[in-house]
Structures are given as C-alpha cells and as structure tokens.
Amino acid sequence: MRKVLISGAGVAGEALAYWLRREGFSVTVVERASGPRTGGQAVDIRGVALDVMDRMGLGERMRAARTRMRGMSMLDGHGNELFRSEEHTFGSGRLDGEDVELLREDLVAMLHEATGDRVEYVFNDSISTLEQDEHGVRVEFERGGSRTFDFVVGADGMHSSVRRLAFGPEHRFSRYLGQYLAIFPMANFLGLDNWQMWFRDEPSGVGGAIYPVRDNTELRVTLGFMSADPVEYDHRDARQQKRMITERLAGTGWETPKLLTAMTDAADFYFDAMAQIQMDHWTAGRVALVGDAGYCASPLSGQGTSLALVGAYVLAAELGRRGADHASAFAAYEQRMRPFVVLNQALATENPGGPAREESVERAKHSISLDADTSVAP
C-alpha cells in the first residue's frame, strides 16, 4: 500500500485524506496545532465544490449547517447606514442561490469525522526536512524522528512549510493585495438576528464586518485596513498583530472601541495579509501542493474553500488512477486544475463589480469537471 504524508489538517488536508484513503492509500496527516483547528470566518462552497461534498456523502449535513443570513447593512465609519440589501451579502453573495456558506470550523469538523479512524493523525508536530530520492521522501519531524513516504503533500496554507522546503522561500510566490484582515469571535452584544453589518471609514481605509453565528448567540468579527506596502510582523505573534489592528483602527467611530476590546481578550484569533500564491508548478518530484499552499486566491475571491475541495478531489483521483505513476498523475492534476485556479484567482484582482462580477463568478466556479474525460470551456 502506497504511503502519503499530508501536512495540514485544514479543509484541503482533511478532504485529500478522505479521497486518498478511498483510493487505497495509507494516509498520515501531520498538523502543528493540537487538534482540528477551530475559529475563523464563514466560508463559501460554490459550484463544482458542492458536487465534491455531495460525493463525500456530506451534502445534506453541509446544507443543514449553513448560515441563515437575511441580509446586510453597509455603514460609514460613524455608524450611519448607507444602504441595505435583503437579496445579497458581501460575504456570501445572492441569498437565493445554491451556494452554501458555513463556518470553517464546522466544515473542518465534518471532513475530519468523515476520515474516521482510517487516517493516522499526528498533532502538535510539523515537518522540518524533506529528502527525496527515486523511491520516496524521507521526512524528519520537528518533535523528533523520521519516516519515509511514497509522496508528501503540502496542504498547510499560505505560509506552507512544505512549499518552502520543496520549492523555495515564500516571497518568490506570494503576491500582496494591499489589505490585512483580523478575525475573532465575541458575544452578540448588538442582538443581531441573522443580519450582517459592514462598516468602512473612507478617509482612513479601515473597516470590517460583523455577523451572528450559533443561533445568533455569537458574533464573528472581521477588522481590516489598507496598506500600500506589506507590513513587517511575526506570523505567530498574536499580541503583536492585535496591537497593530488596534493602532490602525484607533479613532474609528461606531462600535469599533468595543470590538477592539473584545479582540484583545479573544483566544481564537486570525490575522494575515490578503495575498495570493502564484506558482508555475505545484509539484516537484514526489511532493505536491494543494489548496492555499499552492494557489491561495485570498478571501477577496470568495473561492478559496472551493479551490481546496476541488484540488483535493482532483489530486486524489489522478494519483489513484489505475496504471498511472506519480509523474503522470501530478502532470494531469496540474493540467486539470490550472484553468480553474487562474479564473478563480482573477476574481480577487481583475473583475469589476455589478453584473460583470456576477458573470465572472459563475464562470469561474463551474470551470472544471470532476470527471477527467469531460472538458469545460474556460
């Protein structure tokens, strides 16, 4: 039985583990955190990614867990309502569409449970070195010990360690998009009932979004700021990141002071630049990348989760194809995924608003077939 090591127990890693195990591989997942990650924002599953979830047998559960937003309001930096909509939200698009928005942690929990006890999980650890030869990949772990696998897949996010070890430093592939975002939970002090609130202070370029989850008992808060140039900070220093957000949003009106106070005490906290990972190849020898590690589109695209789910499905299908060696499987994976990735990354960088944007979204999210012998015109 061929052995695969996956780095990262997020959406891409869990989905890939499921499909590789279905294809008959022995699968190990290594994850730096102590367990499946919690927290984070609501994510969207769209287009062909919905078919992936249905093929996993998770479609009904996914749709039952979806958010139930009734609409949204847009406020200025002082809390004055500029407009409202009961037809769409900035976060999830049209409210009458087939797309599904749900909390990232709920999706990860579903995928993790779907792998059952058929996948080996190694938490509180990560890969420190990779050494390839014609027969396999020897991996050393940060907490000690080494093992050899037939293949290694980096599903470890935008700051992927596997990508750094196998392809080179992050700066060669990261394309900054001019924004930073922080995400954290807090109590629903506004009493929001399935209603999103977005605010933006135009002079300063700061703003955010608030929406209720967990039957309106909790809020998920997103705060962000624009910056023409990348900001230097430690990716693992949450205190430093919280100070940065507080300094940037100081003086902003409405309920911002309460949000900043809650952020200071938040245990679940995410902060990062809005950026894309753009690479000529996602495979090298016996190492491959999937999801944000290889082709992060940024939250600005609204398609990161769908890219992860579809990429995992396609990679596993090609590796499991009868008679295919890893070189041909990796080549087919790249060929099938490249047009899908290009169109979805463009949603964050090239397309205008209004009807033109909606047309681009529809085109992008359906621009790949899960069946290799069926082509989809780009």
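Just above sits the structure.
Residues numbered from 1 in each chain as written. Predicted model: local features only at pLDDT ≥ 70, side-chain atom pairs only at ≥ 80, totals over all residues. Heavy atoms only, no water.

Direction of pairing for strand S10 (residues 127–132) relative to strand S11 (residues 137–141): antiparallel, over a ladder of five bridges. For Glu131, the partnering residue across the bridge sits in S11 and is Arg138. (Pairing = 2+ DSSP bridges. Helix = DSSP H or I, 4+ residues; strand = E, 2+ residues; numbered from the N terminus.)

Right, let's talk about the packing of aromatic side chains for a bit. For the coordinates displayed, the defined rule picks out 14 aromatic pairs. Measuring from ring centre to ring centre gives 5.6 Å for Tyr121 and Phe123, while their planes differ by 5°; the resulting arrangement is stacked. Residues Tyr176 and Tyr180 carry aromatic rings whose centres are separated by 5.5 Å and whose planes lie at 45° to one another, so their mutual orientation is tilted. In this structure Tyr176 comes out as partly exposed when scored by relative accessible area, which is 22%. Using a relative accessible area of 1% as the deciding quantity, one classes Tyr180 as buried. Connected via pairs of aromatic rings, a cluster forms that spans Tyr176, Tyr180, Phe225, Tyr233 and Phe271. One Lys or Arg, Lys242, reaches over the ring of Phe269 and ends 5.2 Å from the middle of that ring. The ring of Trp282 has Arg338 lying over it, and the distance from NZ or CZ to the ring centre is 4.0 Å. (Phe/Tyr/Trp six-rings, centres within 6.5 Å; stacked < 30°, edge-to-face > 60°. Buried < 20%, exposed > 50% of the residue type's maximum accessible area, 1.4 Å probe, protein only. Lys NZ or Arg CZ within 6 Å of the ring centre and 35° of its normal.)

Moving on: the environment of Arg104. For Arg104, the location among the structural elements is in helix H4 (residues 104–115). Residues Arg104 and Gly40, 64 residues apart in the sequence, show an inter-C-alpha distance of 6.2 Å.

Our next topic: the sheet that holds S11. Hydrogen bonds between backbone atoms are what pair the strands of a sheet, whose relative direction is either parallel or antiparallel. With antiparallel pairing, the three strands of this open sheet are ordered in space as S10-S11-S12. Two strands bound the open sheet, and with one partner strand each, they are S10 and strand S12 (146–149). Across the sheet, the mean angle from the axis of one strand to that of its neighbour is 25°, orientation sign disregarded. Pairing of S11 with S12 involves four bridges; the strand directions are antiparallel. Counterpart to Val137 in the pairing with S12 is Phe149. (Axes fitted to C-alpha atoms, helices over the stretch in contact; angles between N-to-C directions.)

For the rest of this paragraph, the subject is the packing of helix H6 (residues 238–249) against helix H7 (residues 256–265). Relative to each other, H6 and H7 sit at 170°, their axes nearing to 10 Å. Comparing the axis directions of H6 and H7 gives the class roughly antiparallel. Here H6 contributes Lys242, Ile245, Thr246 and Leu249 to the contact with H7, which in turn contributes Thr256, Leu260, Met263, Thr264 and Asp265. Its residues placed into classes, the contact of H6 with H7 shows four nonpolar, three polar and two charged. (Parallel < 35°, antiparallel > 145°, perpendicular 65-115°, else oblique. Contact = heavy atoms within 4.5 Å. Nonpolar A, V, L, I, M, F, W, Y, C, P; charged D, E, K, R; others polar.)

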